[in-house]
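Given next are the chains, with one letter for each unit.
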Amino acid sequence: MKGLGRLALVFALAILPVTARADINALAEAAKKEGEITWYVAHYTSEGAEDLGRGFTEMYGVKVNVVRTTAQVAYQRLLQDIKNNQTICDVFSSTDLGHYARLKAEGRFEKYIPETTPKIVPTFQNFDADGFYHPTAAGLVVLTYNTSKVKPEDAPKKWEDLLDIKWKGKVSTGHPGFSGYVGTWVLSMKKLYGWQYFDKLEKNKPQIGRSINDTVTALNAGERQVAAGADGSTLFSAARGNPLAVSYPSDGAVLIVSPSAIMKGTKHPNAAKLFMEYLYSIEASKINAKHFGIPMRPEVPAPPGAKPISEVKLIKPTVAEVDKGIPEVIEQWRDTFGN
């Protein structure tokens with residue numbers, strides 16, 4: 001009997017992956033019949049988002065309508081859809097955690113836990129205990145600089161260094177009213193140093209773009225020399241031969257966890273679920289790493305030139321802090337910088 005029991009257990013374990021794969025195959029067939037999804041996304045550069053969408057289409061034959069904007073623009077567009085009783089967005093991917101707290105509370109998300117969740121990096125598992133949204137991208141806000149104008153030894157080493165008068169007219173940032181990355185960074189600096197940090201930064205007359213990725217453009221053009229920028233887009237640009245580098249601040253790089261969620265009432269429920277599965281796949285992690293994002297899967301190595309998360313001092317804002325704090329800092333930012 002013991003031998004039969006062991007055989008039964010081995011047989012049961014052997015068929016589990018087949019069953020799981022069969023479920024994904026069935027989902028893929030249903031998704032193919034739906035034909036497409038629309039993805040509101042702020043996670044990546046436009047090139048990275050299009051690359052991920054194209055990878056999904058090549059894998060499953062389902063078209064992805066990629067609508068890549070900054071986080072706040074994506075959110076306002078979604079709210080306008082809701083106001084007009086329109087269901088356009090199938091999967092919503094923002095860099096502002098506050099969006100998820102609010103939309104979840106309003107019942108705007110479809111609960112779905114990807115089958116592939118146990119396979120991602122443990123840090124990102126069970127982010128929302130109720131299973132309505134899931135981290136599908138992550139990155140850091142760090143100090144960045146133009147290496148043709150700033151020597152490594154002279155580059156800022158901590159956030160307070162951006163306040164030095166020597167950087168007057170030489171600093172670039174994004175805008176918290178548009179970018180979730182920037183909003184989370186501003187909130188983190190306020191918590192670390194108080195709003196006087198930005199009162200002092202204003203005296204250095206920073207160039208303010210929209211997206212945090214606008215800092216890459218400003219540094220490459222030589223319009224500015226140092227910035228509060230994203231590690232991924234900066235390293236990606238540097239790998240293409242541009243004179244850029246990152247400096248991991250000694251007082252903490254800001255960890256940006258960016259979730260995705262399926263919208264309630266989606267017209268393409270199977271395609272949306274399959275897309276969530278895809279975002280946790282090895283294939284998607286490889287594309288993400290190619291664009292210098294932090295891979296969700298541990299099998300995929302970190303992008304070249306990036307420090308492993310374990311070696312970086314991190315500032316990690318909570319969902320509640322972001323939800324409560326970003327609207328307030330956007331108003332303070334406009335009062336201070338006038339835009």
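Every value quoted in this text rests on a predicted model; they were computed, and no experiment measured them.

## Focus on the overall build of the chain
- Helix and strand content of the chain: eleven helices and eleven strands.
- Taken over the C-alpha trace, the chain has a radius of gyration of 21 Å; the compact-globule value for 339 residues is 20 Å, and the two agree within 12%.
- Along the first, second and third principal axes, the C-alpha atoms of the chain reach 80 × 50 × 35 Å.
- In the chain, which comprises 339 residues, the share counted as buried stands at 53%.
- Contacts in the chain between residues at least 24 apart in sequence constitute 78% of all its contacts with a sequence separation of at least 6.
- Surface accessibility of the chain: about 15,300 Å² in total, with carbon and sulfur atoms responsible for 54%.
- Charge centroids of the chain, computed over 41 positive and 36 negative side chains, lie 2 Å from each other.

## As for the confidence of the model for the chain
- In this model, the chain carries a mean pLDDT of 92, and residues with pLDDT of at least 70 account for 94%.
- When the criterion is pLDDT under 50, residues 1-22 qualifies, and its contacts beyond four places in sequence or with other chains add up to zero contacts.

## Topic: the layout of surface pockets
- Here the largest pocket defines a volume of roughly 460 Å³.
- In terms of lining residues, the largest pocket is bounded by 29 residues, among which T123, F124, L255, I294 and I309 are the most central.
- Its residues assigned to classes, the lining of the largest pocket shows 22 nonpolar, three polar and four charged.

## Let's talk about the packing of aromatic side chains
- Applying the stated criterion across every chain yields a total of 19 aromatic pairs.
- Each member of the aromatic cluster is reached from another via a ring pair, and the members are W159, W185, Y193, W195, Y197, F198, W333 and F337.

## Brief notes about the pattern of salt bridges
- For the coordinates displayed, the defined rule picks out 13 salt bridges.
- A salt bridge links K104 to D128; the shortest N-O distance between them is 2.7 Å. Here D128 lies in the loop between β4 (109-110) and β5 (134-146) and K104 lies in helix α4 (residues 97-105), a separation of 24 residues in the sequence.
- What makes K104 partly exposed here is its relative accessible area of 25%.
- With a relative accessible area of 7%, D128 lands in the buried category.
- Between E299 and R297 there is a salt bridge, with its nearest N and O atoms 3.1 Å apart.
- Take R297: its relative accessible area is 7%, and that puts it in the buried class.
- Within this structure, D51, R54 and K290 form a network of salt bridges that share partners.

## Observations regarding the environment of V312
- Tracing the sequence through the fold places V312 in the loop between α10 (282-290) and β11 (314-315).
- Taking the relative accessible area as the measure of exposure, V312 reaches 11% and is therefore buried.
- For the pair formed by V312 and A253, sequence separation is 59 residues and the distance between their alpha carbons is 7.2 Å.
- Every residue in contact with V312, bar those within four places of it in the chain, is listed here: L140, Y248, A253 and K307.

## Comments concerning the nonpolar core
- The biggest cluster of nonpolar side chains holds 34 residues, and the ones touching the most others in it are W159, W185 and F198.
- If you list the elements that add at least two residues to this core, you get β5, α5 (180-193), α6 (196-202), β8 (226-230), β10 (253-263) and α11 (319-337).
- By size, the runner-up hydrophobic cluster in this structure holds 28 residues, among which are A137, A272, F275 and I287.

## Details of α5
- Compared with an ideal rise of 1.5 Å per residue, which puts 14 residues at 20 Å, α5 spans 20 Å between its outermost C-alpha atoms and is within 8% of the ideal.
- Of all the 14 residues making up α5, ten are buried; the element is thus mostly covered by neighbouring parts of the structure.
- Every buried residue of α5 is accounted for by G180, Y181, V182, G183, T184, W185, V186, L187, S188 and M189.
- Where α5 begins, the side chain of S179 points an oxygen toward the backbone nitrogen of Y181, at a separation of 3.3 Å.
- Downstream of α5 by a residue or two, G194 has a phi angle that is positive, lying close to 80 degrees.

## Some thoughts on the packing of α5 against α11
- One way to put it is that α5 packs onto α11 with a least axis distance of 9 Å and a crossing angle of 90 degrees. Classified by the angle their axes make, α5 and α11 are roughly perpendicular. For the pair formed by α5 and α11, the contact residues are G183, T184, V186, L187, K190 and K191 on the first element and E321, V322, G325, I326, E328, V329, Q332 and W333 on the second.
- Here the residues of the contact of α5 with α11 are counted per class, giving six nonpolar, four polar and four charged.

## Considering empty space enclosed by the protein
- Under the criterion given, the structure shown has three cavities of 30 Å³ or more.
- Volume-wise, the largest cavity comes out at about 280 Å³.
- Lining the largest cavity are 26 residues, and of these H43, Y44, T45, Y181 and N213 sit closest to its centre.
- Only β5, α5 and α8 (231-239) provide two or more residues apiece to the lining of the largest cavity.
- Broken down by class, the residue content of the lining of the largest cavity amounts to ten nonpolar, 14 polar and two charged.

## Let's talk about unusual backbone geometry
- The backbone of N85 shows a phi angle near 55 degrees, a positive value even though the residue is not glycine.
- By the element assignment, N85 lies in the loop between α3 (71-83) and β3 (91-93).

## Brief notes about the environment of H291
- Here H291 is to be found in the loop between α10 and β11.
- The class for H291 is buried, based on a relative accessible area of 11%.
- With 247 residues separating them in the primary sequence, H291 and Y44 have C-alpha atoms 8.2 Å apart.
- Once you skip the residues sitting within four places of it in the chain, H291 turns out to touch T45, E47, G48, D51, G232 and F236.

What counts, and at which threshold
Residues numbered from 1 in each chain as written. Predicted model: local features only at pLDDT ≥ 70, side-chain atom pairs only at ≥ 80, totals over all residues. Heavy atoms only, no water. Helix = DSSP H or I, 4+ residues; strand = E, 2+ residues; numbered from the N terminus. Rg over C-alpha atoms; globule rule 2.2 N^0.38 Å. Buried < 20%, exposed > 50% of the residue type's maximum accessible area, 1.4 Å probe, protein only. Contact = heavy atoms within 4.5 Å. Areas by Shrake-Rupley, 256 points an atom, 1.4 Å probe, with all protein chains shown as cover. Lys, Arg positive; Asp, Glu negative; His and termini not counted. Charge placed at Lys NZ, Arg CZ, Asp CG, Glu CD. pLDDT = per-residue confidence, 0-100. 1 Å grid on protein atoms, 1.4 Å probe; cavity = no way out; pocket = protein on both sides within 12 Å on 5 of 7 lines; lining within 4 Å. Points joined across faces, edges and corners; volume = space filled by probe spheres on them. Nonpolar A, V, L, I, M, F, W, Y, C, P; charged D, E, K, R; others polar. Phe/Tyr/Trp six-rings, centres within 6.5 Å; stacked < 30°, edge-to-face > 60°. Salt bridge = Lys/Arg side-chain N within 4 Å of Asp/Glu carboxyl O. Core = buried A, V, L, I, M, F, W, Y, C linked by side-chain atoms within 4.5 Å. Expected span 1.5 Å × (residues − 1). Polar contact = N/O pair within 3.5 Å; in protein donor to acceptor, adjacent residues only side chain to side chain. Axes fitted to C-alpha atoms, helices over the stretch in contact; angles between N-to-C directions. Parallel < 35°, antiparallel > 145°, perpendicular 65-115°, else oblique.

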